[in-house]
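Working through the structure, step by step
Here is how the chains run, residue by residue.
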Amino acid sequence: MIVQHFFAAGPGLQTVAKKDKWKFSRRSFLMASGAAVAAGAASNFLLAGCQPDVEEPVVDDPPDEPPVDVAFELKSVEPEITATKFNFCGICSANCGMIVDVADDKAWRIRGNPACQVAEGHLCVKGYSALKDLYDPDRLKHPMKRTNPEKGPGVDPGWVKIDWDEAFELTAEAFNQAIEEGGPQALGFFSRGHDWMNRLRDAIGTPNHIQHHSTCFTTYTAVWRAAVGTGNRPFMLDVGRAKYLLSFGWDQPSKAKNMSAREYVKAVSNGAKVVYVDPRLTITGSLGGEWIPIKPGTDLAFMLAMIRTIINEELYDQDFVDNNTTGLEQLRDAVQDYTPEWASEITEVPAETIERVAREFATTKPALIPNHKRDAGGPNYQNSWRVAFCTVILNSLVGAMDREGGQIIGRTASMPGFNDVFPPPDFPELATTERVDGFEKHPIIGPTRRGDFSTFPEAQLAGEPYRLKAALFRKHNVLAFPNAPRFVEALKTMDFVAVVDVWPSEMVQMADVVFPEPYYLETSGFGDRVYHAFYPQLALREPVVDPLYDTRGYGGVITGLANAMGYGEYFEGVSGGTFNDERLKALGSSWEELQNSENGMWSDEKPFQGREEWGTESGKIELYSPVLENNNYDPLPYWEPKKAEPTDEYPFYMIISRPPMHKMSQTQNNELMMQAQGTNKLIINAEAAANLGIEDGDEVVVESQANQVTLQAEVIQGIRPDCVCVEHGFGHWSRELTVAFNQGANEGDLIPTLTVEEMVNSKCPGAGSQMQDFCVNVYKA
């Protein structure tokens, strides 16, 4: 592959073609990806790793013998299969369709469902390993209450087993007391949106529903809402049919995202060119053909210069731009100062490389800038929302918006909502629109009620505008928050915390009452195919086994709380079965019909046709956004630098990544996944390590303005010398997670929090948490 090796060239920047350290051939990538994504039907399987231990030359010659699956069987003799169930994965939001074989009333094997558009018969390593989660002996088994009022890492909560009635009564009493003393706004919900929870929230009248999305993708969502007119940003990419993939930090194949890895291998196998722009070389980049190690947080300059080149040389798709966009002339005028030479000084990428990539991208059809969540347009830097805007603009200029080989707005089923099926009594007016995290101050993203993880701790600790007195948490762990120790201190200011979870997470350790939830393989329902939906399709979820413990689903927990708090009237006549049936009837089907489906799917297959109308007021993609302008944001993605730059005190840029074997901080108690990767390390360039006297495997301290953590060093060539990287998900301090406990460190401890004022002043319409906009120091422990 070609490594654009700019960062070590010194004053006259040079481009040097050389082999990278990771020496990753097409064959080795396909084998590793096959393992990570789908190799074979074996469910009990282990990813062997994503890079060889020994450096070898890059070769694409046919192997001497056929590749074998990187897998192993826990059982050598297949038992008699007594039942086969349909389900879909609940580990990530792709929700890949599954087929689960049952033997002797135990789930024995998981396979991908071939009828599912997302899975296409395959799963990723996390999905295949779900049986270890189901049968994890550390799972929460019954409701519990805390007896030790002290809270924090290393503190024994003094759990006492209680029944469900007591759990509801204790929580209802505390929640009602919070409301009586501080008003409805004194109660908060930290949870993804959920129909039952949303109703209780609205019945109470609290504005405080806080979700994780400010650390995930709100920068993209705000841009799509403003410039394209969608309620959310789409997550579907037709990578497999693209002929030119230009990645600005998009790294989903390396993270074993099922459909992304499969589609990426398909594209490369079909001859697509990949240009990977990222400070760090990953598996995605190693297969691609060209790696451009850009200076962190400067992708915006690269993209602005590309836009200028494409427009000035009239390389854009004139038919698509004329018929589907507005604002080209304003955009043309705005980018004239953004020359490739200007961008080169900022990005440390040669001007001729930027020009060449722009021309290749515009003239190779179909071309695509793939994007997902925490890539360059995600909430990483103060300027990331502008990168998200440039991504929409560039994909529009080459005609990749909702076209084959481009970024697709998934075709999903149109069904009635919860309030349509179960009309509620009138909800009270919100007690106040002022939220504890200040999210309402962002007029474009605020109506989504996503919430802001980065501002909550400081607002709660300061008591401005007020403090939450009590809160309910579900599947939002302590380790997900920027500066987790600071968040723990914020939690201590609450009078009462209730947690719904499957495992004894760090959030559970901070709880006063714990409600145990079943694992998804014990539940029922159906789900849309969102991440890869060329046509509407729903997947069936059947309980694979009876519940193993005394658990209740989230809807049941919410209903029990509502009844105990005096809000039972809002849930009269509400049931999951009725909800399923009424929604499916709107599609001409029924819950019974789906349950009897031969392939576990409801599908409305039809030919794909790209849309010609868009959701903005103009009916077109707005390259110049009146919505942004009318809400006091820049209507075009003008240049803005990232916030933090290296200093003598903090000389390294910080990069955060996520390993393919794990889902955030949720899977580190799965012993199969931990055999694949049992810890995280400080990834550092060999030259930088040598200058610090650091060798591979040394214990090192990583220090930011927020905190410090200690890790082992992993010394490589495939990262810029001015950068270090730590993978997310480790550093668990809950002793009840017997596999995950004390493995690695939580890089989130290093991320600075923000005040509400700081977030508002950053002028980011998506209120992104700026997860990498800080620098660190590294030294031997």
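Residues numbered from 1 in each chain as written. Predicted model: local features only at pLDDT ≥ 70, side-chain atom pairs only at ≥ 80, totals over all residues. Heavy atoms only, no water.

With respect to the environment of N670
With respect to the secondary-structure elements, N670 resides in the loop between β23 (652-657) and α23 (671-676). For the pair formed by N670 and K132, sequence separation is 538 residues and the distance between their alpha carbons is 6.0 Å. Setting aside chain neighbours within four positions, we find N670 in contact with S129, K132 and D133. Within the local environment of N670, its side chain forms a polar contact with the side chain of D133, the two groups lying 3.0 Å apart. (Helix = DSSP H or I, 4+ residues; strand = E, 2+ residues; numbered from the N terminus. Contact = heavy atoms within 4.5 Å. Polar contact = N/O pair within 3.5 Å; in protein donor to acceptor, adjacent residues only side chain to side chain.)

Observations regarding helix α14 (residues 384-397)
Between its terminal C-alpha atoms α14 stretches 20 Å, which fits the 20 Å expected from 14 residues at 1.5 Å a residue. Counting buried residues in α14 gives 14 out of 14 residues, a clear majority hidden from the surface. Taken from the residues just after α14, G399 is the one with a positive phi, measuring 70°. (Expected span 1.5 Å × (residues − 1). Buried < 20%, exposed > 50% of the residue type's maximum accessible area, 1.4 Å probe, protein only.)

Overview of the nonpolar core
One recurring pattern in soluble globular proteins is that nonpolar side chains are buried together. Core analysis: the largest hydrophobic core is formed by 64 residues, its most contacted members being L246, M306, F361 and L397. Top element by residues in this core is helix α9 (residues 299-312). It accounts for 10 residues. In contact with L397, not counting residues within four places along its chain, are I307, I310, I311, Y316, D317, V321, L328 and L623. Counting residues in each nonpolar core, the second largest holds 37 residues, with M197, F422, Y570 and F571 among its members. (Core = buried A, V, L, I, M, F, W, Y, C linked by side-chain atoms within 4.5 Å.)

Examining the domain arrangement of the protein chain
In many analyses, interface size is given as the accessible surface area lost on bringing the parts together. Domain boundaries in the protein chain define domain 1 (1-72), domain 2 (81-149 + 518-551 + 577-605), domain 3 (163-219 + 421-510 + 555-574), domain 4 (235-408 + 614-630) and domain 5 (652-780). Using only C-alpha atoms to locate each centre, domain 3 and domain 4 end up separated by 37 Å. On the side of domain 4, 11 residues touch domain 3, which itself brings seven residues to the contact. A per-residue breakdown of the area domain 3 buries against domain 4 is headed by C216, T219 and I444, which together make up 67% of the total. Counting across the interface, domain 3 meets domain 4 through zero salt bridges. There are two residue pairs in polar contact (both at pLDDT 80 or more) connecting domain 3 and domain 4. (Domains from an automatic or database assignment. Buried area = accessible area lost by both parts, 1.4 Å probe. Salt bridge = Lys/Arg side-chain N within 4 Å of Asp/Glu carboxyl O.)

Some remarks on the sheet that holds strand β18 (residues 513-516)
The sheet built from seven strands is open, its strands ordered β6-β5-β18-β17-β16-β7-β8 with mixed pairing. Here the strands that pair on one side only, and so sit at the sheet edges, are β6 (160-161) and β8 (209-210). Together, β5 (144-145), β7 (187-190), β16 (470-474), β17 (496-501) and β18 form the strand contacts of helix α4 (residues 164-182), whose direction differs from that of β18 by roughly 130°. Packed on one face of the sheet, helix α5 (residues 195-204) meets β7 and β8 and runs near 165° to β7. (Pairing = 2+ DSSP bridges. Axes fitted to C-alpha atoms, helices over the stretch in contact; angles between N-to-C directions.)

Describing the sheet that holds strand β21 (residues 601-603)
With antiparallel pairing, the three strands of this open sheet are ordered in space as β19-β20-β21. Among the strands making up the open sheet, the edge pair consists of β19 (525-528) and β21. Pairs of neighbouring strands in the sheet enclose a mean axial angle of 20°, with direction left out of account. Relative to strand β20 (residues 537-541), β19 runs antiparallel, the two being bridged by four bridges. Within the sheet, the bridge partner assigned to F526 lies in β20 and is L540.

Description of α4
Across its 19 residues, α4 extends 27 Å between first and last C-alpha, which sits within 8% of the 27 Å expected from 1.5 Å per residue. All of the buried residues in α4 are W164, A167, F168, T171, A172, A174, F175, A178 and I179. Where the residues of α4 are buried, they touch β7, α5, β16, β17, β18 and α19 (554-565). Sitting at the amino-terminal end of α4 is D163, which places a side-chain oxygen 3.3 Å from the backbone nitrogen of D165.

Some words on the side chain of R435
Structurally, the position occupied by R435 is in the loop between α15 (418-421) and α16 (456-462). For R435, the side chain forms a polar contact with the main-chain oxygen of P207, separated by 3.0 Å. Leave out the neighbours within four places in its chain, and R435 touches P207, N208, H209, I210, E440, R449, G451, P465 and Y466.

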